[in-house]
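# Report on the structure
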Amino acid sequence: YEEVVAGIAAAEPTLRSRGEVQRLRAAMLRRTGRYAEAAATLQQLLDAAPASWELRHELGEVLWADGRRGEARALWQANADAKAAPGGAGGSPGP
């Protein structure tokens, strides 16, 4: 996986956006057990796109895997609340 993480960074110019590269990097970090780095990467993306239900969900999964269950539940609850709100889209999917 370490080689894949490096490869993803090198592929950045060919991918659609920097956000896409960062999401792939976060997925690889998660798979290698580097939860804190994955969470930090996803949090940066979420800070840039706070309405993204996909990023909240992904960050919640990383936090859950890292044992930070309360934080994960809070993110998932935010998604549920956004979906239940009038208009109910739950926010945009993200970058």
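Remember, it's a predicted structure, so these values are computed and weren't measured experimentally.

## So, the overall build of the protein chain
- Of the regular secondary structure elements, the protein chain holds five helices and zero strands.
- Taken from the N to the C terminus, the helices and strands of the protein chain come in the order α-α-α-α-α.
- Out of the 95 residues in the protein chain, the part that is buried amounts to 29%.
- Within the protein chain, contacts between residues at least 6 apart in sequence are counted, and of these 42% link residues at least 24 apart.
- For the protein chain, the exposed area adds up to about 5,500 Å²; of that, 56% sits on carbon and sulfur atoms.

## Thoughts on the nonpolar core
- With 14 residues, the main nonpolar core has Leu 42, Leu 55, Leu 59 and Leu 63 as its most contacted residues.
- Of all the secondary structure elements, the ones that give two or more residues to this core are helix H2 (18-31), helix H3 (35-48), helix H4 (53-65) and helix H5 (69-84).
- At five residues, H3 tops the list of elements feeding residues into this core.
- The residues contacting Leu 59, other than those within four sequence positions of it, are Ala 39, Leu 42, Gln 43, Leu 46 and Leu 75.

## Things to note about the packing of aromatic side chains
- Summed over all chains, the structure comprises one aromatic pair.
- Between Trp 64 and Trp 76 the ring centres are 5.7 Å apart and the planes differ by 35°, which places this aromatic pair in the tilted class. With Trp 64 in helix H4 and Trp 76 in helix H5, this pair connects stretches of sequence that are twelve residues apart.
- What makes Trp 76 partly exposed here is its relative accessible area of 27%.
- Lying over the aromatic face of Trp 64, Arg 69 brings its terminal NZ or CZ to 4.3 Å of the ring centre.

## Regarding the packing of H2 against H3
- For the pair H2 and H3, interaxial distance at closest approach is 8 Å and the crossing angle is 160°. Compared by their axis directions, H2 and H3 come out roughly antiparallel. In this structure, H2 meets H3 at a crossing whose hand is left-handed. Where H2 abuts H3, its residues Gly 19, Gln 22, Arg 23, Arg 25, Ala 26, Leu 29 and Arg 30 lie against Tyr 35, Glu 37, Ala 38, Thr 41, Leu 42, Gln 44 and Leu 45.
- Of the residues that constitute the contact of H2 with H3, the class distribution is six nonpolar, four polar and four charged.

## Some words on H2
- With 14 residues, H2 extends 20 Å between its outermost C-alpha atoms, agreeing within 8% with the 20 Å of an ideal straight helix rising 1.5 Å per residue.
- Considered for burial, the residues of H2 that qualify are Gly 19, Glu 20, Val 21, Gln 22, Arg 23, Ala 26, Met 28 and Leu 29.
- Phi for Gly 33, located one or two positions after H2, is positive at around 80°.

Rules used in this analysis
Residues numbered from 1 in each chain as written. Predicted model: local features only at pLDDT ≥ 70, side-chain atom pairs only at ≥ 80, totals over all residues. Heavy atoms only, no water. Helix = DSSP H or I, 4+ residues; strand = E, 2+ residues; numbered from the N terminus. Buried < 20%, exposed > 50% of the residue type's maximum accessible area, 1.4 Å probe, protein only. Contact = heavy atoms within 4.5 Å. Areas by Shrake-Rupley, 256 points an atom, 1.4 Å probe, with all protein chains shown as cover. Core = buried A, V, L, I, M, F, W, Y, C linked by side-chain atoms within 4.5 Å. Phe/Tyr/Trp six-rings, centres within 6.5 Å; stacked < 30°, edge-to-face > 60°. Lys NZ or Arg CZ within 6 Å of the ring centre and 35° of its normal. Axes fitted to C-alpha atoms, helices over the stretch in contact; angles between N-to-C directions. Parallel < 35°, antiparallel > 145°, perpendicular 65-115°, else oblique. Left-handed = near helix turned anticlockwise from the far one by under 90°. Nonpolar A, V, L, I, M, F, W, Y, C, P; charged D, E, K, R; others polar. Expected span 1.5 Å × (residues − 1).

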